[in-house]
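# Overview (structure and organization)
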Amino acid sequence: DKDGNKGEAFDDRYIAKFTIDTGGPKIISNSVSGKQNIAVQLIDITFNEAINPATFTKEKVNIVGPGGAYNALEITPLDDYTFHIKIPPKQINGTYRGTILPTITDKVGNAMDQDGDGHSGEPEEDKYAFEFIQELPDLVVSKVLYPNEVRAGQQIEVTWTVSNNGAGPVTGKWADTIYISEDAQSGNDILLGEVQNSQTVDIGGSYTRTITVKIPDGIEGQRWIIVKTDSKEEIDEQDADTNNTTV
């Protein structure tokens, strides 16, 4: 106590306090659950205490869905408690079930105690389970109207209708692109125009667009107008974009 009297049995004692931590961490929140209208590729997981990031590896996250089983691609700590899980996005509708192994530990080495029974790291009882359901949209060009006969260099109107035949609404931004083709097949065609979309299209809903385009000079013979919706693949769609083009 620095009073000049050394070795006093009571006054010169040193007292220290410490905590013995024997409780394992548990996951308390997950950013993805219920119905999802996008192909899920990012999940944030939060624990109730600080985690040793070296023990949370991508092999400890497993997802099983309609396309099979797969592990996480990457785990990124946002802070001591919250981690960013990157998974491969799957453009397939259905239920996805995930598990996180309980061998993740806190800063002092306690494994997960997800069920809170005081026994950490139990293979079944302490693993964390979650699920989400993907209900993706599906954009389809259902109708295209344009003149049957045109001249090279002429301006014409092209009108098309796009329907959402999927299991979820479309939101966000995407492009519809118009081409002229020599063979009625998509690929190596001449771009005529593009329309940007930014709206919500509900399940079973549709929209119609019209654009004025110019037929290129020097064109002759039979040609086809091709309309491709979501031409830059900006929307997560059921079964990807296999039916986005109509001639």
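A brief look at the structure comes next. Note that the structure is predicted; figures quoted are calculated from it, not measured.

Rules used in this analysis
Each chain carries its own residue numbering, running from 1 in the written order of its sequence. The model is predicted, so local features are restricted to residues of pLDDT at least 70 and side-chain atom pairs to those at 80 or more, both for listing and for counting; the totals for chains, interfaces and linings are taken over all residues. Computation of side-chain values: all heavy atoms of the structure, hydrogens and water removed. The helix count covers DSSP runs of H or I at least four residues long, the strand count covers runs of E at least two residues long, and both are numbered beginning at the N terminus. Only heavy atoms matter for contacts: two residues are in contact if any of them lie within 4.5 Å across the pair. Shrake-Rupley sampling with a 1.4 Å probe provides the accessible areas, and residues are treated as covered by the protein chains on show and by no other component. The sign given to each residue is positive for Lys and Arg and negative for Asp and Glu; His and the chain ends receive no count. For this purpose, a charge sits on NZ of Lys, CZ of Arg, CG of Asp or CD of Glu. Two N or O atoms form a polar contact when they lie within 3.5 Å of each other; inside protein one atom must be a possible hydrogen donor and the other a possible acceptor, and for residues adjacent in sequence the pair counts only when both atoms belong to side chains. At least two bridges found by DSSP between two strands are what make those strands a pair. The convention used is that axes are lines fitted to C-alpha atoms, helices contributing only their stretch in contact, and that angles between N-to-C directions extend from 0 to 180 degrees. Among the buried residues, those of types Ala, Val, Leu, Ile, Met, Phe, Trp, Tyr and Cys that are joined through side-chain atoms within 4.5 Å form a nonpolar core. Between buried and exposed lies partly exposed: a residue is buried under 20% and exposed over 50% of the maximum accessible area for its type, with that area taken using a 1.4 Å probe on protein chains only. Salt bridge criterion: a side-chain nitrogen from Lys or Arg within 4 Å of a carboxyl oxygen from Asp or Glu.

Along the backbone of the chain there are 0 helices and 16 strands. Counting only C-alpha atoms and orienting by the principal axes, one finds that the chain spans roughly 110 × 45 × 30 Å. Counting only contacts in the chain whose residues sit at least 6 apart along the sequence, the fraction spanning at least 24 positions is 66%. Approximately 13800 Å² of the chain is accessible, and the part contributed by carbon and sulfur atoms is 47%. Mean positive and mean negative side-chain charge positions of the chain (21 and 40 charges, respectively) differ by 3 Å.

Relative to the elements of secondary structure, Thr177 occurs in strand β12 (residues 173–181). Among the polar contacts listed, one links the side chain of Thr177 to the side chain of Glu194, at a separation of 3.4 Å. A polar atom in the side chain of Thr177 sits 2.5 Å from the side chain of Ser231. Setting aside residues no more than four positions away along its own chain, Thr177 makes contact with Leu191, Gly193, Glu194, Ile226, Val227, Lys228 and Ser231.

Pairing is antiparallel in the open sheet, where 3 strands are placed in the order β10-β11-β14. Every interior strand has two partners, whereas the edge strands, β10 (139–145) and β14 (206–214), have only one. Shown here is a sheet whose adjacent strand axes are inclined to one another by a mean of 25°, direction ignored. Bridge analysis of strand β11 (residues 155–164) against β14 gives 9 bridges, and the strand direction is antiparallel. Considered in β14, the bridge of Thr159 is made with Thr210.

Formed by 23 residues in total, the largest nonpolar core has its most connected members in Ile43, Phe47, Phe56, Ile85, Ile87 and Ile100. Secondary structure elements with two or more residues in this core: β3 (42–47), β4 (61–65), β7 (82–86), β8 (94–100) and β9 (128–134). In this structure Phe56 touches Phe47, Val61, Ile75, Phe83, Ile85, Ile100 and Ile104, once residues within four positions along its chain are discounted. Core analysis: the second largest hydrophobic core is formed by 22 residues, Ile156, Val158, Val201 and Tyr207 among them.

With respect to topology, 4 strands assemble into an open sheet ordered β13-β12-β15-β16, the strand pairing being antiparallel. Edge strands, defined here as strands with exactly one partner in the open sheet, are β13 (190–198) and β16 (245–246). The pairing of β12 with β13 spans 8 bridges and is classified as antiparallel. Residue pairing for β13: Ile180 is matched across the bridge by Ile190.

Moving on: the pattern of salt bridges. One pass over the full model with this rule turns up 5 salt bridges. Glu131 is the partner of Arg97 in a salt bridge, and the nearest nitrogen-oxygen pair spans 3.3 Å. On the criterion of sequence distance, the pair formed by Arg97 in strand β8 and Glu131 in strand β9 is long-range, its members being 34 residues apart.

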